[in-house]
2 protein chains.
Amino acid sequence: MADESTLAPDDPRTGDITTAVEDGRRARGRRTRESILDAAVDLASVEGLDGLTIGRLATALGMSKSGLFSHFGSKEELQLATIDAAREIFIREVFAPAREADRGLPRLVALLDAWLAYMRREVFHGGCFFDAVRNEYDSRQPGPVRDAVRADFATWSESLANRVRSAQAHGHLDPGADPEQLAFELDALGGAANVRFQLDRDEVAFERARRGIHSRLEALAV
Amino acid sequence: MADESTLAPDDPRTGDITTAVEDGRRARGRRTRESILDAAVDLASVEGLDGLTIGRLATALGMSKSGLFSHFGSKEELQLATIDAAREIFIREVFAPAREADRGLPRLVALLDAWLAYMRREVFHGGCFFDAVRNEYDSRQPGPVRDAVRADFATWSESLANRVRSAQAHGHLDPGADPEQLAFELDALGGAANVRFQLDRDEVAFERARRGIHSRLEALAV
DNA sequence: CCTACCGATCGGTAGG
DNA sequence: CCTACCGATCGGTAGG
């Protein structure tokens, strides 16, 4: 287990016993915060960012409400931090593996495969965190949480469209195809698989999504 | 405004002043219940069936909590009644108009058009009620509300697949196509348009769905 | 349909 | 990180 002494070599403040103790506290606080956010992301994927209550989260972690709350200034900050934590996991589980594939169509296919696999193995208990919160906040009043949800979805949509454009630039897909249109359809198929799998727990949903995705890509392959 | 006297001709209990008064009360109660459910469906399409709280609903209707509550035995009964009310509206706004079209492909297209139009004109404030509650309950613990949501979604999926089969039987669509697969893809495109429109308020989402739907149908047309 | 409640839980604060 | 609170709101009940 890491404590202040293992961090000391890289710490310019080493030698001052007071700051060393403070750093130890900070490191412990950071670890606690991370474990809170791991639980928060999981809970929110099932109950939504509204159902993510401080009391429930504290009970799940065996902490007091106020102890947990002290890591965040408000429920909204907790919600925003939870979105940040989910984004990091999504990047690690979906974007990162896809980067191993060759540029162009192989990378687009790898991204979609990694996305479906992430939904299938339920990295979060309630399926795709972002699918859940997007549907939860899509018709809510404007606010920082809704803005964050919107921004992440825009990033995802643009990533898909950019990888379509890259596949076109590499001569793998018909350059006449509309990248935004194709990105819309690919996202739609994966999103439908996520909600159907969560509802029926029938893997056929992913098979349907995969078939739809590959038939779209094959139709545009050159 | 309808009251007990306008209902009397069809009522076998006419003539008994006590039951007439009771019927009047019942009719008034029924109308109140209906106005509650209209508001409930709208609120739930934005805030979800969990966010549908008795206090909020009572305030919106200018009623007392307990007065409203007396129409339902529990919050769960209110949620189930809200789903019933939303179903009736969906049938009236989506299924019924599609029945005007000729059997086969025209009716399938009419159903999809009516569905997109219903989402576009926001029959419910938060977009498609069923899309909202399906995503809200997909990963929840089993229970009567989740079961009702599942059942309605199964009905919708089967309706789409049956209309695909009818179009095949009428020689309008390739009989070799998998009706369930096509129904999955058509539903996915419409669902994606709903959430995107709610998030960005950009009508292009419906254009994308329409283009995707028509290209799928054209590819299978005979 | 109302007033007047109930215990539980909500987000949040004081003070250590 | 805790105990001990706060006012507001939750679903629900008693009694009329």
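Residues numbered from 1 in each chain as written. Chains lettered and ligands numbered in written order. Predicted model: local features only at pLDDT ≥ 70, side-chain atom pairs only at ≥ 80, totals over all residues. Heavy atoms only, no water.

1. Focus: the overall build of chain A
Turning to step 1, where the next piece is worked out: Within chain A one finds 10 helices and 0 strands.
Turning to step 2, where the next piece is worked out: For chain A, the sequential pattern of α-helices and β-strands runs α-α-α-α-α-α-α-α-α-α.
Turning to step 3, where the next piece is worked out: The contacts in chain A between residues at least 6 apart in sequence include a share of 66% that link residues at least 24 apart.
Turning to step 4, where the next piece is worked out: As displayed, chain A offers around 10,500 Å² of accessible surface, 51% of which is attributable to carbon and sulfur atoms. (Helix = DSSP H or I, 4+ residues; strand = E, 2+ residues; numbered from the N terminus. Contact = heavy atoms within 4.5 Å. Areas by Shrake-Rupley, 256 points an atom, 1.4 Å probe, with all protein chains shown as cover.)

2. Considerations on the pattern of salt bridges
Turning to step 1, where the next piece is worked out: Under the defined criterion, the tally for this structure stands at 34 salt bridges over all chains.
Turning to step 2, where the next piece is worked out: The salt bridge involving arginine 150 of chain A is made with aspartate 200 of chain B; its shortest N-O contact spans 3.5 Å. A residue pair is termed interchain when its members come from two chains, as with arginine 150 of chain A in helix 8 (residues 144–169) and aspartate 200 of chain B in helix 9 (residues 179–200).
Turning to step 3, where the next piece is worked out: When its relative accessible area of 32% is taken as the criterion, arginine 150 of chain A is described as partly exposed. (Salt bridge = Lys/Arg side-chain N within 4 Å of Asp/Glu carboxyl O. Buried < 20%, exposed > 50% of the residue type's maximum accessible area, 1.4 Å probe, protein only.)

3. Things to note about the side chain of serine 159 of chain B
Residue and element names in this part refer to chain B.
Turning to step 1, where the next piece is worked out: Mapped onto the fold, serine 159 is located in helix 8 (residues 144–169).
Turning to step 2, where the next piece is worked out: Exposure remark for serine 159: the relative accessible area of 10% places this residue in the buried category.
Turning to step 3, where the next piece is worked out: Of note is the side chain of serine 159, whose polar atom sits 2.8 Å from the backbone oxygen of threonine 155. (Polar contact = N/O pair within 3.5 Å; in protein donor to acceptor, adjacent residues only side chain to side chain.)

4. Thoughts on the protein's contact with DNA strand D
Turning to step 1, where the next piece is worked out: Residues in close proximity to DNA strand D total 15 residues, the closest being Thr32, Ser64 and Ser66 of chain A together with Thr53 and Lys75 of chain B.
Turning to step 2, where the next piece is worked out: Each atom of DNA strand D within 4 Å of the protein was assigned to sugar, phosphate or base; sugar and phosphate come to 58%.
Turning to step 3, where the next piece is worked out: Taking isoleucine 54 of chain B, its main chain carries an N or O atom lying 3.1 Å from a phosphate oxygen of DNA strand D.
Turning to step 4, where the next piece is worked out: One of the backbone N or O atoms of lysine 75 of chain B is found 2.5 Å from a phosphate oxygen in DNA strand D.
Turning to step 5, where the next piece is worked out: Listing elements by their share of the surface near DNA strand D, those giving two or more residues are helix 4 (65–69) of chain A together with helix 3 (54–61) and helix 4 (65–69) of chain B.
Turning to step 6, where the next piece is worked out: At 3 residues, helix 4 of chain B tops the list of elements feeding residues into the surface near DNA strand D. (Near = heavy atom within 4 Å.)

5. A look at the interface of chain B and chain A
Turning to step 1, where the next piece is worked out: The partner chain A presents 38 residues to the 38 residues of chain B that form the contact.
Turning to step 2, where the next piece is worked out: Carbon and sulfur atoms supply 53% of the area that chain B and chain A bury against each other, a total of about 3,500 Å² over both sides.
Turning to step 3, where the next piece is worked out: Along the contact surface separating chain B from chain A lie 8 salt bridges.
Turning to step 4, where the next piece is worked out: With its nearest N and O atoms 3.4 Å apart, the salt bridge here joins aspartate 178 of chain A to arginine 211 of chain B.
Turning to step 5, where the next piece is worked out: Among the secondary structure elements, those contributing two or more residues to the side of chain B that touches chain A are helix 2 (17–51), helix 7 (129–137), helix 8, helix 9 and helix 10 (204–220) of chain B.
Turning to step 6, where the next piece is worked out: It is helix 9 of chain B that provides the largest number of residues to the side of chain B that touches chain A, a total of 15 residues.
Turning to step 7, where the next piece is worked out: Looking at the side of chain B that touches chain A, its residues break down into 12 nonpolar, 9 polar and 17 charged. (Buried area = accessible area lost by both parts, 1.4 Å probe. Nonpolar A, V, L, I, M, F, W, Y, C, P; charged D, E, K, R; others polar.)

6. Re the nonpolar core
Turning to step 1, where the next piece is worked out: One finds Phe129 of chain A together with Phe129 of chain B to be the most contacted residues of the largest nonpolar core, which totals 135 residues.
Turning to step 2, where the next piece is worked out: If near-sequence neighbours (up to four positions away) are discounted, phenylalanine 129 of chain A is found in contact with Val41, Ala44, Ser45, Leu49, Thr82, Ile83, Ala86, Tyr118 and Phe124 of chain A. (Core = buried A, V, L, I, M, F, W, Y, C linked by side-chain atoms within 4.5 Å.)

7. Here we look at helix 10 of chain B
The periodicity of an α-helix, 3.6 residues per turn, causes residues three or four places apart in sequence to face the same way.
Turning to step 1, where the next piece is worked out: Counted at 1.5 Å a residue, the expected span for helix 10 of chain B with its 17 residues is 24 Å, and the 25 Å between its end C-alpha atoms agrees.
Turning to step 2, where the next piece is worked out: For helix 10 of chain B, the set of buried residues is Ala205, Phe206, Arg208, Ala209, Gly212, Ile213, Arg216, Leu217 and Leu220 of chain B. Seen from one end, helix 10 of chain B has its buried residues packed into an arc of 160°, which puts them on one side. Away from its buried face, by an angle of more than 90 degrees, helix 10 of chain B presents the exposed residues Glu218 and Ala219 of chain B.
Turning to step 3, where the next piece is worked out: Lining the buried residues of helix 10 of chain B we find helix 9 (179–200) and helix 10 (204–220) of chain A together with helix 6 (105–120) and helix 9 of chain B. (Expected span 1.5 Å × (residues − 1). Arc of directions from axis to C-beta.)

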